[in-house]
Structure formats: structure tokens, C-alpha cells
Amino acid sequence: MSTRAPAWVAAGVRHEILMRVLPALRHDMAGPLSVARMGNTVLKRYMAAQPFDPEQSHKRLEQTEEQLNQLLVAIRTLNRWDLDTSERADAAPAVRAGLELARPMLDLHGIAMDAVPEDATPADWPAMSPARALYAVIGVASCLQDTATGPAALSVRCDGSDLLFTTRPRDGAAADEPQFPARRMKIDADALSTLLADLQWPADIAPGTVRLRRPDDGR
């Protein structure tokens, strides 16, 4: 087997993660664009009205510009997924962004995420590329989703210098709750382990529990 095989497996896992969160990323970009298009339709009516009201038209134009600025921000945030960037930032915002992106993915497959504490990210974690935290956090959530045996709840909390993910049977889940089809490409413990090794991120992986330890510096 090629010595590059683990790197290719890790790249495949990252691709699967992106495909899972793509609907949320697309929504973040399509939402402001849809509002801006509707705003332009209204603006055309204002401009054709007699008498013409410049104040009303200017207000609508400002609203459209605000939506376009939101779209621009969403597009620029796509660089967060680049592992090769030299950008380094506090890990906490990227961890929280990863959890928020994972939430709709989990909801669609019967996994409810508990409220995430504000201090969930350990304070002594080093600055890192945002992509590193995004792939690690969403990868862990995906693994726990794919290995769950039924409706479950996921909790995330700080445990010393570690970030601890645990699942438990979901309270109040109906016995006849519809089961979602299994994903064709599952992120199992082996796939997650390969991904985290490529990210230089030590972890303990067990059924229903993943402990992300303090990541190594330098990436």
C-alpha cells in the first residue's frame, strides 16, 4: 500500500464532511441573495411609481446593499475550509461554527445536540487554522451520528484540556420514530482516526464517546 494512502483517506473524509454541511453553507449564501432579488423587484416598482419617492427608494437600496454585504461575508468565509492557509486564529470560534454547521446535519438523522456551553473550548488550546477545527469537530459529530444505533442526543463540553463528545439515548424518542436511511459513506471510528491523525490531533475514540485532546501546535 502506498505510504500516501492515509493522506488520501483523510482527504476523502474531508470531502464527505463538506458534502454533509454543504446545504447549510448554500443556505447561508442563497438567503441574502434571494432577499436582495426581491428587494430589487420592489425597488423597480418604487422607481416606476408616480410620484417618485426618492427617500423610500433609497431606503430599499440600502436594504439590498446590506443583503449583498452578507452574501459577500458568506463567500469569504469559505476560505475557512483551507487547511493550507497560513492564517491562525483562536480555536473557539471555529469550534462553535463547526458545531452549528453540524446541528442541521444531525437533526436530519435523528440526533439532537444539547445546548453548547459558552466555555466549551478549552482555554489552553493553541491558535490554529479554522479549517483544522472545523474538520475535526464536524468529523467527530459525523462519526457519532453514523455509529448511533437509534435516536440519540449529543452533548459537547470542556473537560480540562479536552473537548468531550458523548451520545446517549434521546429522552422522549417515540418507538415508532421514522428511521433515516444509512449514509452510503459512513465516517466510522477508523475513518475518523485517519482524519484526526492527518490533522495532527490526538483523540480517544470509543462507542458513543470521542475525546479530542489538546491539539498539537503548528498547524
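What comes next is a walk through the structure.

### Section: the nonpolar core
Part 1 of the argument: Among the nonpolar cores identified, the biggest contains 47 residues, and Leu154, Phe165 and Leu212 are the most heavily contacted of them.
Part 2 of the argument: If you list the elements that add at least two residues to this core, you get helix H1 (5-48), helix H3 (91-107), strand S1 (111-113), helix H4 (130-147), strand S2 (152-159), strand S3 (162-169), helix H5 (189-198) and strand S5 (209-212).
Part 3 of the argument: Other than its neighbours up to four places away in sequence, Phe165 contacts Leu99, Val137, Val140, Leu144, Leu154, Ser155, Val156, Gly208, Thr209, Val210 and Leu212.

### Focus on the packing of H4 against H5
Part 1 of the argument: It is the contact of H4 with H5, at a shortest axis distance of 10 Å, that shows an interaxial angle of 170 degrees. In this view, H4 runs roughly antiparallel relative to H5, as classed from their interaxial angle. Counted together, Tyr135, Ala136, Gly139, Val140 and Cys143 of H4 and Ala189, Leu192, Leu195 and Leu196 of H5 form the full contact between these two elements.
Part 2 of the argument: In terms of residue class, the contact of H4 with H5 is made up of 8 nonpolar, 1 polar and no charged.

### Some details on the sheet that holds S2
Part 1 of the argument: Pairing is mixed in the open sheet, where 5 strands are placed in the order S1-S2-S3-S5-S4. Strand pairing shows two members of the sheet lacking a second neighbour, S1 and strand S4 (203-206), which therefore form its edges. Each strand axis lies, on average, 15 degrees off the axis of its neighbour in the sheet, ignoring direction.
Part 2 of the argument: Here S2 pairs with S3 via 8 bridges, running antiparallel. Counterpart to Ala153 in the pairing with S3 is Arg168.

### Focus: unusual backbone geometry
Part 1 of the argument: The omega angle of the peptide bond from Gln50 to Pro51 is 5 degrees, so this bond is cis rather than trans.
Part 2 of the argument: Looking at the secondary structure, you find Pro51 in the loop between H1 and helix H2 (54-76).
Part 3 of the argument: Although it is not a glycine, Gln200 adopts a positive phi angle of roughly 55 degrees.
Part 4 of the argument: The topology assignment puts Gln200 in the loop between H5 and S4.

### With respect to the pattern of salt bridges
Part 1 of the argument: Scanning the entire structure with this criterion turns up 9 salt bridges.
Part 2 of the argument: The salt bridge involving Arg211 is made with Asp159; its shortest N-O contact spans 2.7 Å. Here Arg211, found in strand S5, pairs with Asp159, found in strand S2; they are 52 residues apart in sequence, far enough to count as distant.
Part 3 of the argument: The exposure class assigned to Asp159 is partly exposed, which follows from its relative accessible area of 28%.

### Side note on the packing of H1 against H4
When two helices pack together, their arrangement is given by the angle between the helix axes and the distance between those axes.
Part 1 of the argument: Two elements in contact, H1 and H4, have axes whose closest approach is 10 Å; the angle formed by their N-to-C orientations is 80 degrees. With respect to their mutual orientation, H1 and H4 come out roughly perpendicular. Contacts between H1 and H4 involve Arg14, Ile17, Leu18, Arg20 and Val21 on the former and, on the latter, Tyr135, Ile138, Gly139, Ser142, Gln145 and Asp146.
Part 2 of the argument: Counted by class, the contact of H1 with H4 contains 5 nonpolar, 3 polar and 3 charged residues.

### Quick look at the pairing of S2
Part 1 of the argument: Sheet topology note: the S1/S2 ladder contains 3 bridges and is parallel. For Ala112, the partnering residue across the bridge sits in S2 and is Ala153.
Part 2 of the argument: Read as a crossover between parallel neighbours, the route from S1 over H4 to S2 is left-handed.
Part 3 of the argument: Where S2 hands over to S3, the hairpin turn is made up of 2 residues, of which Gly160 adopts a positive phi near 70 degrees.

About the cut-offs
- Residues numbered from 1 in each chain as written.
- Predicted model: local features only at pLDDT ≥ 70, side-chain atom pairs only at ≥ 80, totals over all residues.
- Heavy atoms only, no water.
- Core = buried A, V, L, I, M, F, W, Y, C linked by side-chain atoms within 4.5 Å.
- Buried < 20%, exposed > 50% of the residue type's maximum accessible area, 1.4 Å probe, protein only.
- Helix = DSSP H or I, 4+ residues; strand = E, 2+ residues; numbered from the N terminus.
- Contact = heavy atoms within 4.5 Å.
- Axes fitted to C-alpha atoms, helices over the stretch in contact; angles between N-to-C directions.
- Parallel < 35°, antiparallel > 145°, perpendicular 65-115°, else oblique.
- Nonpolar A, V, L, I, M, F, W, Y, C, P; charged D, E, K, R; others polar.
- Pairing = 2+ DSSP bridges.
- Salt bridge = Lys/Arg side-chain N within 4 Å of Asp/Glu carboxyl O.
- Right-handed = clockwise from strand over helix to strand, strands pointing away.

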